[in-house]
Amino acid sequence: MSKIEIIPAIDLIDGRCVRLSQGDYDRKKVYDASPLDMAKRYADCGVKRLHVVDLDGAKASKPMNLKVLEDVSKVAGLEIEWGGGIKSDEALKDIFNAGASYAVVGSVASRQPDLFQSWLEQYGGNRMVLGADVSNGKIAVNGWLETDEIGIEDLTERFLPYGLERCIVTEISRDGMLQGPATELYIALQNRFPDINFTVSGGVSSTDDIIKLDEAGLKSVIVGKAIYENRISLKFIKEWLRNE
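Quick caveat, the model's predicted, so the values are computed rather than measured. (Residues numbered from 1 in each chain as written. Predicted model: local features only at pLDDT ≥ 70, side-chain atom pairs only at ≥ 80, totals over all residues. Heavy atoms only, no water.)

Observations concerning the packing of helix H4 (residues 89-97) against helix H6 (residues 113-123)
Put simply, the rule is: What counts as an axis is a line fitted to C-alpha atoms, over the stretch in contact for a helix, and the angles between N-to-C directions run from 0 to 180 degrees. Numbering goes from the N terminus for both helices and strands, where a helix is a DSSP run of H or I of at least four residues and a strand is a run of E of at least two. Here roughly perpendicular refers to angles of 65 to 115 degrees, roughly parallel to angles under 35, roughly antiparallel to angles over 145, and oblique to all remaining angles. For any pair of crossing helices, the crossing counts as left-handed if the nearer helix is rotated counterclockwise from the farther one by less than a right angle, and right-handed if it is rotated clockwise. Contact between two residues is taken to exist if any of their heavy atoms lie within 4.5 Å; hydrogens are not considered. Charged means Asp, Glu, Lys or Arg here, nonpolar means Ala, Val, Leu, Ile, Met, Phe, Trp, Tyr, Cys or Pro, and polar covers whatever is left, Gly included.
Put simply, H4 and H6 touch, their axes get as near as 12 Å, and they point 40° apart. As judged from the angle between their axes, H4 and H6 are oblique. The chirality of how H4 crosses H6 is right-handed. Here Asp89, Leu92, Lys93 and Phe96 of H4 come into contact with H6, specifically with Leu115, Trp119 and Tyr123. For the contact of H4 with H6, the residue count by class is five nonpolar, no polar and two charged.

Given below as structure tokens:
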């Protein structure tokens, strides 16, 4: 059985690496490392997939950091999954043209499900990723500034017949807090929809968290703040990926 895939995250504001706490733009921490430098470090560790969130784009409802995407997508061996501001056909084409391998779509999937369905049918579930940000069991949209009444199970059911393969579920109450992931949520989702790759996102704080998620049979995990805060080392990621 393959080990859980570790997917490092880069969140962007004004082209710089930041981390928010619980999705709050007023509680951001800016880090010195440039996105390109971080991408190169991850590639050197053997990372194959990088999760990048355009926080400016999420607020503006259109991609705002495409130059960064162009730069990081040129790093050898690295595929970029890009989220934030993908609200139109034009925006989707822009991020693919700038070098993204995968598009992470949240607000459109929740509020314009027919449009996301059409993208799934056009580009395939191997490129289109459902991004479900959850707050108190409800889907949060538009940079987590609003919540809808639909739940993650309903959203998954909606797109399952159209080729959905992967869903990144972020528990906002845990995100950036380094207090551990909402493991039971992911286990329940994975058991209900065994053919979907549910990616754990939010709260991962230590190597122990990753080991426990792996033992629980989960398939992939996004790690962000814990790397910047030196709670999970690049050495650990390199050894983990080497032993997959």
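Let's pick the thread back up.
As for the packing of aromatic side chains
Filter applied, for reference: The pairing test for Phe, Tyr and Trp rings, Trp by its six-membered ring, is centres within 6.5 Å, and the orientation test on the planes gives stacked under 30 degrees, edge-to-face over 60, and tilted for anything in between. Each residue gets one of three labels from its accessible area relative to the maximum for its type: buried under 20%, exposed over 50%, partly exposed in between, using a 1.4 Å probe on protein chains only. We call a charge positioned over a ring when the NZ of a Lys or the CZ of an Arg lies within 6 Å of the ring centre and within 35 degrees of the ring normal.
As enumerated under the stated definition, the model contains four aromatic pairs in all. When the ring of Phe116 is compared with that of Phe159, the centres are 4.8 Å apart and the planes differ by 85°; the resulting orientation is edge-to-face. With a gap of 43 residues between them, Phe116 in helix H6 and Phe159 in helix H7 (residues 152-159) connect regions that are remote in the sequence. Like Phe116, the residue Phe159 is buried in the burial classification. Taken together, a centroid distance of 5.6 Å and an interplanar angle of 35° make the contact between Phe236 and Trp240 tilted. Here Trp240 and Phe236 lie together in helix H11 (residues 234-242), a separation of four residues that amounts to about one turn. For Trp240, a relative accessible area of 8% translates into the label buried. Above the face of the Trp240 ring, Lys3 is positioned so that its terminal group lies 3.8 Å from the ring centre.

Topic: unusual backbone geometry
Notably, Asp14 is not glycine yet its phi reads approximately 55°, a positive angle. The backbone phi angle of Ser61 is positive, close to 65°, even though this residue is not glycine. Its place among the elements puts Ser61 in the loop between helix H2 (55-60) and helix H3 (66-72). Using a relative accessible area of 36% as the deciding quantity, one classes Ser61 as partly exposed.

Structural notes on the pattern of salt bridges
The condition is simple: Only one rule defines a salt bridge in this text: a Lys or Arg side-chain nitrogen within 4 Å of an Asp or Glu carboxyl oxygen.
In this structure the tally under the stated criterion is six salt bridges. Note that Arg192 is salt-bridged to Glu157, the shortest N-O span being 3.1 Å. Residue Arg192 is found in helix H8 (residues 183-192), and its partner Glu157 is found in helix H7; the two are separated by 35 residues along the sequence. Using a relative accessible area of 47% as the deciding quantity, one classes Arg192 as partly exposed. One network of salt bridges, in which partners are shared, links Arg49, Glu81 and Arg166.

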